[in-house]
Amino acid sequence: DKRTNGTYRVTKTLAIVKSVGCAVIGDGANTRVFWDGETWDGKAETAPAHSLFWSDGMPGAAFRGIHWDCNYKAATAFWHNSFTLFETDLVHEVEAFSNCLDIAVAIDTNHTGEPHLEKATAESHWTNLIFENSKVGISLSYANVYDLTFEGCIWRNNTQFGIKSEWGIFYVRD
């Protein structure tokens, strides 16, 4: 088990495309990934370019022990928006998503209101997470976002919504 601690500066969106069973593992509060690129201009069409991480087709992926910090400059911390593979059986554990100008975690959100061309993100487990200091904690905005389970999560200081679900099916426990 290799954990990476430290602070990581990101100036352009990190992306992983078509990766089955990938794991990105940090060391909890000791691992911080923060945005230090250009400040988002507030335009929906530029939001994807101002995201810390973009997951484009990562079924079976696990993300653990990372603080994703938009640093009050990026639109989104984590963007699940796959054009390649159906994302299922995802695990997010012991993470924080904070200080985003728009949506802390966007799932199948193209930010523009245009028709969706994405694959689905479904059957995912979100455990012991913090969504804070953003406009929206997590957005589920597509009909194929379903069976997401949130356990032991905290939503705080989000100015519009903790969870914004336009179409998704989700469960919140604890």
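Look a little higher up for the structure.
Residues numbered from 1 in each chain as written. Predicted model: local features only at pLDDT ≥ 70, side-chain atom pairs only at ≥ 80, totals over all residues. Heavy atoms only, no water.

Asks: Mind laying out the overall build of the protein, listing which residues take part and the relevant values?
Replies: Of regular secondary structure, the protein possesses zero helices and 16 strands. Seen through its C-alpha atoms, the protein measures out along the principal axes to roughly 40 × 35 × 30 Å. Buried residues in the protein amount to 48% of all 174 residues. For the protein, the computed accessible surface area is about 7,900 Å², with 51% contributed by carbon and sulfur atoms. Computing the positive centroid from 14 side-chain charges and the negative centroid from 22, the protein places the two 6 Å apart. (Helix = DSSP H or I, 4+ residues; strand = E, 2+ residues; numbered from the N terminus. Buried < 20%, exposed > 50% of the residue type's maximum accessible area, 1.4 Å probe, protein only. Areas by Shrake-Rupley, 256 points an atom, 1.4 Å probe, with all protein chains shown as cover. Lys, Arg positive; Asp, Glu negative; His and termini not counted. Charge placed at Lys NZ, Arg CZ, Asp CG, Glu CD.)

Asks: Mind laying out the state of the cysteines, listing which residues take part and the relevant values?
Replies: The tally for this structure, following the rule as stated, stands at one disulfide. A disulfide bridge connects Cys 70 with Cys 100, and the sulfur atoms are separated by 2.4 Å. Every disulfide takes its handedness from the sign of the S-S torsion; for Cys 70 and Cys 100 that torsion is 65°, giving right-handed. Taken together, the residues Cys 70 in the loop between β6 (67–69) and β7 (76–80) and Cys 100 in the loop between β9 (91–98) and β10 (103–107) connect sequence positions 30 residues apart. The same class applies to Cys 70 and to Cys 100, which are both buried. Considering cysteine sulfurs only, Cys 70 is the nearest to Cys 22, which forms no disulfide, with 20 Å between them. Cys 22 sits in the buried class, given a relative accessible area of 17%. (Disulfide = S-S within 2.5 Å.)

Asks: Describe the side chain of Asn 158, naming the residues involved and giving the relevant values.
Replies: Positionally, Asn 158 belongs in the loop between β14 (154–156) and β15 (161–165). From its side chain, Asn 158 meets the backbone oxygen of Phe 131 in a polar contact 3.0 Å long. Setting aside residues up to four positions removed in sequence, Asn 158 forms contacts with Phe 131, Glu 132, Asn 133, Ser 134, Lys 135, Val 136 and Gly 137. (Polar contact = N/O pair within 3.5 Å; in protein donor to acceptor, adjacent residues only side chain to side chain. Contact = heavy atoms within 4.5 Å.)

Asks: Describe the environment of Val 136, with residues and values.
Replies: Mapped onto the elements of the fold, Val 136 is located in strand β12 (residues 136–140). A sequence separation of 21 residues divides Val 136 from Asn 157, and the C-alpha atoms of the two residues are 9.4 Å apart. Excluding residues within four positions of it along the chain, Val 136 makes contact with Asp 102, Ile 103, Ala 104, Asn 158, Gln 160, Phe 161 and Lys 164.

Asks: How would you summarise the sheet that holds strand β2 (residues 14–17) if you had to cite specific residues and measurements?
Replies: If you walk across this open sheet you meet the six strands as β2-β4-β7-β10-β12-β15, and the pairing is parallel. Each end of this open sheet is capped by a strand with a single partner; those strands are β2 and β15. When the angles between neighbouring strand axes are averaged without regard to direction, this sheet yields 5°. In this structure, β7 lies alongside β10, joined through three bridges in parallel fashion. Its bridge partner being in β10, Phe 78 is matched across the sheet by Val 105. (Pairing = 2+ DSSP bridges. Axes fitted to C-alpha atoms, helices over the stretch in contact; angles between N-to-C directions.)

Read these as geometric descriptors, not functional statements.
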